[in-house]
Amino acid sequence: MSVDSVIHDIGYQRYTGPRLGRGYAFRSLFLHGLRTAYGLGRPAKAKIFPWSVATIVAAVAVVLTAIRAQTGEQVLSYVQYTEQMGLMAILYVAIVAPELVSRDLRSGVLPLYFTRALSATDYALAKLGALVCAVWLLLGGPQLIMFFGGAFGTDDGAKGVWNEFVDLLAGQVYAGIHAVVFASLALLVASLTGKRAFAAGGIVAAYLMTLPIVGILSVTDSQAARDLAGVVSPAGLVQGVGQWFFDTDAIEVGDYGPVYGVVAVAFVAGCATLLLGRYRKVATR
Amino acid sequence: MTTIELSNVSRWYGNVVAVNNITMTLGPGVTGLLGPNGAGKTTLLHMMAGFLPPSRGTVTVAGAPAWRNPSVYRILGLVSEREAVHGFLTAWEFVLANAKLHRLPDPEAAARRALSLVEMTEAQDRRIDTYSKGMRQRTRVAAALVHDPQVLVLDEPFNGMDPRQRLQMMDLLHELGAAGRTILFSSHILEEVEQVSGTVQVIVAGRLAASGDYRSIRRLMTHRPHVFSIHSSDDRRLAVALIGQPSVTGVELESTGLTVRAGDYGTFTRALPKIALAEGIRVRRLLPSDESLESVFSYLVAS
Amino acid sequence: MPRLAPPPYPRRVPLIATQSLTKKYNARVTALDDLTVTVEPGVIGLVGANGAGKSTLIKILLGLLPPTSGQARVFGLDPTVDTAAVRARVGYMPEHDCLPPDLSAAEFVTHLGRISGLPRTAARERASEALRHVGLYEERYRQIGGYSTGMKQRVKLAQALVHDPDLLLLDEPTNGLDPAGRDAMLGLIHRIGTEFGISVVVCSHLLGEVERICDSLVAIDGGRLLRSAQLSAMTTATDVLVVEVSEGMAELARRLADLGIQARQDGRLLLVALESDDTYDRILAAVAELDLPLHRLDQRRHHVAELFRTPAAQGAQVGGSASEAAHVR
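Cut-off values and rules
- Residues numbered from 1 in each chain as written.
- Chains lettered and ligands numbered in written order.
- Predicted model: local features only at pLDDT ≥ 70, side-chain atom pairs only at ≥ 80, totals over all residues.
- Helix = DSSP H or I, 4+ residues; strand = E, 2+ residues; numbered from the N terminus.
- Buried ≥ 20, exposed ≤ 12 C-beta atoms within 10 Å, placed from the backbone.
- Contact = placed C-beta atoms within 7 Å.
- Pairing = 2+ DSSP bridges.
- Axes fitted to C-alpha atoms, helices over the stretch in contact; angles between N-to-C directions.
- Nonpolar A, V, L, I, M, F, W, Y, C, P; charged D, E, K, R; others polar.
- Parallel < 35°, antiparallel > 145°, perpendicular 65-115°, else oblique.
- Left-handed = near helix turned anticlockwise from the far one by under 90°.
- Arc of directions from axis to C-beta.
- Domains from an automatic or database assignment.
- Core = buried A, V, L, I, M, F, W, Y, C linked by C-beta atoms within 7 Å.
- Expected span 1.5 Å × (residues − 1).
- Bend = angle between axes of the 7 residues up to and from the residue.
- pLDDT = per-residue confidence, 0-100.

**Looking at the overall build of chain C**
Broken down by element type, chain C carries 12 helices and 13 strands. Over its C-alpha atoms, taken along the principal directions, chain C stretches across nearly 75 × 50 × 35 Å. For chain C, with 329 residues in total, the buried portion stands at 48%. Contacts in chain C between residues far apart in sequence, at least 24 positions, make up 70% of those at least 6 positions apart.

Spelled out as structure tokens, the structure:
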């Protein structure tokens with residue numbers, strides 16, 4: 001019995017399968033960005049920074065949970081925890097935002113994106129979405145540890161768990177606000193340059209730049225000025241919104257809570273618009 | 001007559017030997033410096049221009065060493081591959097500055113002449129950052145020519161130039177070479193090297209693989225039969241007649257014509273017309289297929 | 001070489017068609033000026049001076065820029081309206097560096113495959129195939145930062161192929177490659193244009209390359225169409241014969257003159273007027289009688305480069321014989 005001999009055709013094959021549309025491309029870029037934010041799918045060096053920050057943030061949550069389990073005392077509420085970790089979030093976006101967008105600018109890969117079914121707007125929004133989610137995970141993820149610790153240790157049964165859950169929700173919302181405000185500014189600054197070091201420095205500068213003004217305003221005589229002092233800095237803006245929503249006692253806002261809210265929304269919208277404009281310009285270069 | 005002479009020149013960076021024991025003499029006329037990427041061409045050009053000292057051996061230009069000898073720049077001009085030009089200057093300003101740096105007696109006249117040689121006179125008052133790549137290249141060539149050097153060394157001078165600019169630059173180099181200057185340029189586009197000058201220096205992995213006129217180099221490759229493509233009125237009969245010749249080592253018959261491998265170039269080229277005539281066959285085309293610089297170069301790199 | 005695979009779209013639709021296409025960036029800069037040209041499937045060379053409008057044309061065809069006036073169609077589709085549809089069928093290989101240094105070729109091409117709309121598994125498989133077809137094997141798992149120029153050009157080509165386009169736009173594909181690399185890339189492009197059934201537009205400054213692999217040519221000058229023709233029409237034979245003997249050229253010239261055959265010396269070559277078919281035989285006879293080594297005998301052909309020589313320069317071509325030798329293949 002003989003075996004039939006054959007030469008298999010491994011020449012170029014045409015593709016007749018499905019071609020998914022713009023939404024799929026957007027999702028793919030978004031997921032790719034989210035993975036990049038945590039160094040997944042990249043060499044080990046890229047994982048060091050994001051995971052160090054995440055570890056620190058998580059460690060604090062663990063310590064808080066442990067203290068609460070031991071002594072029953074809640075040192076920081078979810079909302080307060082989020083606020084305290086705000087500095088870590090700034091550090092995080094200062095390094096990760098350039099990884100997301102400055103690298104692409106530097107390597108010149110953007111024409112390869114923009115000559116596919118991906119508009120400049122899609123690109124910018126996918127990257128922004130990825131960074132927002134990354135920061136939200138950073139600030140909100142460890143809160144789950146606190147939640148489980150709190151829920152297990154509660155004495156009030158179902159009601160206790162429910163209260164715990166409501167607190168958690170507040171913390172998550174506050175984490176989300178941090179994420180949206182911090183990510184918008186950081187991504188905008190990073191999109192201006194292809195050099196990661198410049199971008200990181202620029203982002204930190206953007207956050208620190210207005211602090212002197214905040215400082216001055218907060219010691220003037222006018223109560224209104226003191227209440228509104230936080231509006232001019234991103235961190236202060238977020239804290240002001242937090243005070244308005246959650247009464248965190250972090251800063252004084254008096255009756256100007258809504259102002260903080262409106263300014264925050266305008267700020268994010270403004271950053272996003274500028275970001276889109278930036279990429280639309282780059283796309284036609 | 002100004003020559004560049006390299007004598008047992010080597011250059012290494014730690015364990016990397018960029019140039020390995022090269023001896024060559026470059027005289028008047030245009031010479032092409034060829035080699036695969038990473039073969040050491042740029043290192044060699046930089047040593048000739050005095051930017052790098054050889055780790056061993058000597059590099060002399062017109063008898064004087066190239067290294068640590070600023071007076072060599074009076075007779076040498078270099079156009080390197082990657083140098084940047086200040087975008088805010090105009091071509092005129094840039095070339096004039098070079099002329100002044102060379103302390104020429106009449107810098108304006110020299111600058112004008114240099115710019116007209118490269119045909120940049122019309123655009124000379126626009127800023128360099130508005131130029132295309134080819135125009136930038138030509139500006140840099142003008143700057144290297146402003147002091148009328150006897151020796152000109154160019155690293156990939158045609159990079160980025162469009163067809164017209166390439167032809168102009170090739171004409172320019174040819175003229176300068178014909179006027180007695182010593183010109184060395186490196187290029188990957190072998191068709192153009194062929195057109196400007198048949199004289200080449202071929203570097204492979206830091207060693208000098210061959211020097212001289214590429215046609216003669218080909219004749220020296222006696223172990224490689226010369227390949228000819230022939231188109232005649234009766235290819236098959238011609239093939240039969242040719243394979244009977246001792247100078248012919250192989251014959252291939254295709255629909256497009258005959259391919260003949262001749263082990264003995266001299267005998268075959270003399271015999272072919274006689275054989276064709278004897279057989280009453282009309283030869284419409286006889287072309288050497290592996291005589292081009294591209295073929296010679298690929299043989300040198302392969303061996 | 002005949003094309004083996006037919007294009008998967010109706011033949012009646014031209015590959016690319018522009019009608020009075022004009023693009024002005026502002027009042028002073030007109031990049032394209034009333035360009036009307038139709039391009040049929042095959043391997044097409046796009047040549048022109050720097051700044052003549054080639055990159056603007058490509059950007060318009062890819063839907064990155066809208067025309068100021070006139071229209072452009074790719075496969076009969078309007079790139080400003082059906083942008084996604086056009087881009088799904090076109091692969092673009094830019095001239096400049098566009099590769100991230102810290103991804104491997106496999107990851108990068110897969111990622112772009114997904115951005116082109118291929119589902120995850122299909123993207124991975126097609127990326128792998130594309131990399132195989134362009135000749136990248138184990139290297140594909142190493143980071144792109146460590147690649148040579150030749151390998152980087154291949155990655156760029158692979159990402160243009162991954163989504164199975166019907167048209168490839170290659171901008172200076174042999175940029176920075178050494179002779180062996182150029183040869184390989186040109187062979188690859190030729191194979192894609194003939195065996196894969198994909199049309200290819202090659203932008204190049206190197207007319208020798210264009211003559212070698214393209215079927216037709218579009219030349220743009222100052223935003224306007226300079227010439228659009230089949231290569232075969234542009235490289236027709238002239239009625240001049242080129243004769244080269246390795247020795248005794250002067251003798252041969254004299255003998256031909258004696259025989260009443262006009263011959264002019266041009267460097268190493270003798271240019272002989274081809275009056276009738278038996279000119280060939282008479283030349284051969286002269287060479288044989290003089291026992292000279294015959295090195296070359298052929299009809300001189302036109303070259304694409306002639307498009308770009310100004311009339312004044314045409315009379316005084318550089319190393320005429322050398323250019324002859326270079327172009328006669």
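**Here we look at the environment of Y174 of chain A**
All names here are of chain A. With respect to the helices, strands and loops of the structure, Y174 is situated in helix α7 (residues 157–190). Among the residues examined, Y174 registers 28 C-beta atoms within 10 Å and is labelled buried. Counting along the chain gives 84 residues from Y174 to P258, while the straight-line C-alpha distance between them is 16 Å. Excluding anything up to four places from it in sequence, Y174 contacts V79, T82, G242 and F246.

**Brief notes about the sheet that holds strand β10 (residues 207–213) of chain B**
Hydrogen bonds along the backbone pair up the strands of a sheet, which may run parallel or antiparallel. Residue and element names in this part refer to chain B. Strand order in the open sheet formed by 6 strands is β6-β7-β8-β3-β9-β10, with mixed pairing between adjacent strands. Here the strands that pair on one side only, and so sit at the sheet edges, are β6 (76–79) and β10. Sheet twist, expressed as the mean angle between neighbouring strand axes with direction ignored, is 15°. As defined by bridge partners, β6 adjoins strand β7 (residues 151–155) across 4 bridges and the pair is classed as parallel. Within the sheet, the bridge partner assigned to V79 lies in β7 and is L154. In this fold helix α1 (residues 41–48) packs onto β3 (29–34), β7, β8 (182–186) and β9 (199–204), with an angle of close to 150° to the strand it touches most, β7. Packed onto the sheet, helix α10 (residues 293–302) meets β3, β9 and β10 and runs at close to 30° relative to β9.

**Describing the pairing of strand β12 (residues 269–273) of chain C**
Residues and elements named next belong to chain C. Note: strand β10 (residues 237–245) against β12, 4 bridges, orientation antiparallel. Along β12, the bridge assignment pairs V240 with A273. Sheet analysis places strand β11 (residues 263–266) next to β12, joined by 4 bridges and oriented antiparallel. Bridging across to β12, A263 finds its partner in V272. Between the end of β11 and the start of β12, which pair antiparallel, lie 2 residues, with G267 showing a positive phi angle near 65°.

**Examining the interface of chain B and chain C**
Taken together, the contacts link 42 residues of chain B with 40 residues of chain C. Counting only elements with at least two residues in the side of chain B that touches chain C, the list comes to α4 (133–145), α5 (163–178), α6 (190–196), α9 (265–279), β14 (283–288) and α10 of chain B. Residue composition of the side of chain B that touches chain C, grouped by class: 18 nonpolar, 11 polar and 13 charged.

**Remarks on the packing of helix α9 (residues 249–258) of chain C against helix α10 (residues 278–290) of chain C**
Residue and element names in this part refer to chain C. Here α9 crosses α10 at 130°, and the two axes come no closer than 10 Å. The angle between α9 and α10 falls in the class oblique. Between α9 and α10 lies a crossing of right-handed hand. For the pair formed by α9 and α10, the contact residues are E251, L252, R255 and L256 on the first element and A286, V287 and L290 on the second. Classifying every residue of the contact of α9 with α10 gives 5 nonpolar, no polar and 2 charged.

**Quick notes on the interface of chain A and chain C**
Residue-level contacts link 33 residues of chain A with 32 residues of chain C. Sorting the residues of the side of chain A that touches chain C by element identifies α1 (22–37), α4 (86–107) and α5 (110–114) of chain A as the ones contributing at least two each. Residue contributions to the side of chain A that touches chain C peak at 6 residues, all from α1 of chain A. Grouping the constituent residues of the side of chain A that touches chain C by class yields 16 nonpolar, 11 polar and 6 charged.

**Description of helix α3 (residues 107–117) of chain B**
Residues and elements named next belong to chain B. Burial in α3 covers these residues: A110, A111, A114 and L115. Down the axis, α3 shows its buried residues gathered within 125° of arc, on one side only. Across α3 from its buried face, at more than 90 degrees, point the exposed residues E108 and A109. Looking one or two places after α3, you find E119, whose phi comes out positive at around 60°.

**Brief notes about the domain arrangement of chain C**
Residues and elements named next belong to chain C. Here chain C is described as being made up of domain 1 (16–233) and domain 2 (234–327). The interface of domain 1 with domain 2 comprises 11 residues on the first partner and 7 residues on the second. Residue assignment for the side of domain 1 that touches domain 2 shows that the elements contributing at least two residues are α7 (207–213), β8 (216–221), β9 (224–230) and α8 (231–234).

**Comments concerning the nonpolar core**
Within the largest apolar cluster, 232 residues are counted, with the highest numbers of intra-cluster contacts made by V93, A97, L131, V135, A183 and A186 of chain A together with V95 of chain B. Element by element, the count of residues in this core is highest for α7 of chain A, at 15 residues. The residue makeup of this core includes at least three contributed by each of domain 1 (16–233) and domain 2 (234–327) of chain C. Judged by nonpolar contacts, the second largest core, of 35 residues, contains L238 and L287 of chain B together with A263 and L294 of chain C.

**Things to note about the sheet that holds strand β7 (residues 199–203) of chain C**
Residue and element names in this part refer to chain C. Pairing within the open sheet is mixed, and its 6 strands lie in the order β5-β6-β7-β3-β8-β9. Each having just a single partner strand, β5 (90–93) and β9 make up the two edges of the open sheet. Mean inter-strand twist for the sheet, computed between neighbouring axes without regard to direction, equals 15°. Here β8 runs beside β9; their pairing, made up of 6 bridges, is antiparallel. By the bridge assignment, I220 is partnered in β9 with L225.

**A few points about the environment of R56 of chain B**
Residue and element names in this part refer to chain B. Mapped onto the elements, R56 comes out in strand β4 (residues 56–61). The sequence separation of R56 and V16 amounts to 40 residues, and the corresponding C-alpha distance is 14 Å. In this view, R56 contacts N8 and S10; residues no more than four positions away in its chain are not counted.

**Focus: the pairing of strand β11 (residues 226–232) of chain B**
Residues and elements named next belong to chain B. Of the two faces of β11, the one holding H226, F228, I230 and S232 is buried and the one holding V227, S229 and H231 is not buried anywhere. In this sheet, strand β13 (residues 257–262) lies alongside β11 in antiparallel orientation, the contact comprising 5 bridges. Residue I230 lies in a different strand from β13, and its bridge partner there is L258.

**Looking at α4 of chain A**
All names here are of chain A. Helix length check: α4 (22 residues) gives 31 Å between terminal C-alpha atoms against 32 Å at 1.5 Å per residue, within 8%. Remark: the principal bend of α4, roughly 40°, maps to E99. Among the 22 residues in α4, 16 count as buried, and that is most of the element. Phi turns positive one or two residues past the end of α4, at G108, with a value near 75°.

**Brief notes about unusual backbone geometry**
Note: most residues except glycine have negative phi, and most peptide bonds are trans. At E156 of chain B, a residue that is not glycine, the phi angle is positive and equals roughly 50°. Mapped onto the elements of the fold, E156 of chain B is located in the loop between β7 and α5. Positioned with a positive phi, F75 of chain C is a non-glycine residue whose angle comes to about 55°. With respect to the helices and strands, F75 of chain C occurs in the loop between β4 (69–74) and α2 (83–89). By the C-beta count within 10 Å, which is 22 here, F75 of chain C ends up buried.

**Structural notes on the confidence of the model for chain A**
With 99% of its residues at a pLDDT of at least 70, chain A reaches an overall mean of 89. Averaged pLDDT values over the elements of chain A bottom out at 81 in helix α10 (residues 223–228) of chain A and peak at 94 in α1 of chain A.

**What about the packing of helix α11 (residues 234–246) of chain A against helix α12 (residues 257–283) of chain A?**
All names here are of chain A. Relative to each other, α11 and α12 sit at 135°, their axes nearing to 8 Å. By the angle class used here, α11 and α12 are oblique. Handedness of the crossing formed by α11 with α12: left-handed. Two secondary-structure elements touch here, α11 through L237, G240, V241, Q243 and W244 and α12 through G257, Y260, G261, V263, A264 and F267. In terms of residue class, the contact of α11 with α12 is built from 7 nonpolar, 4 polar and no charged.

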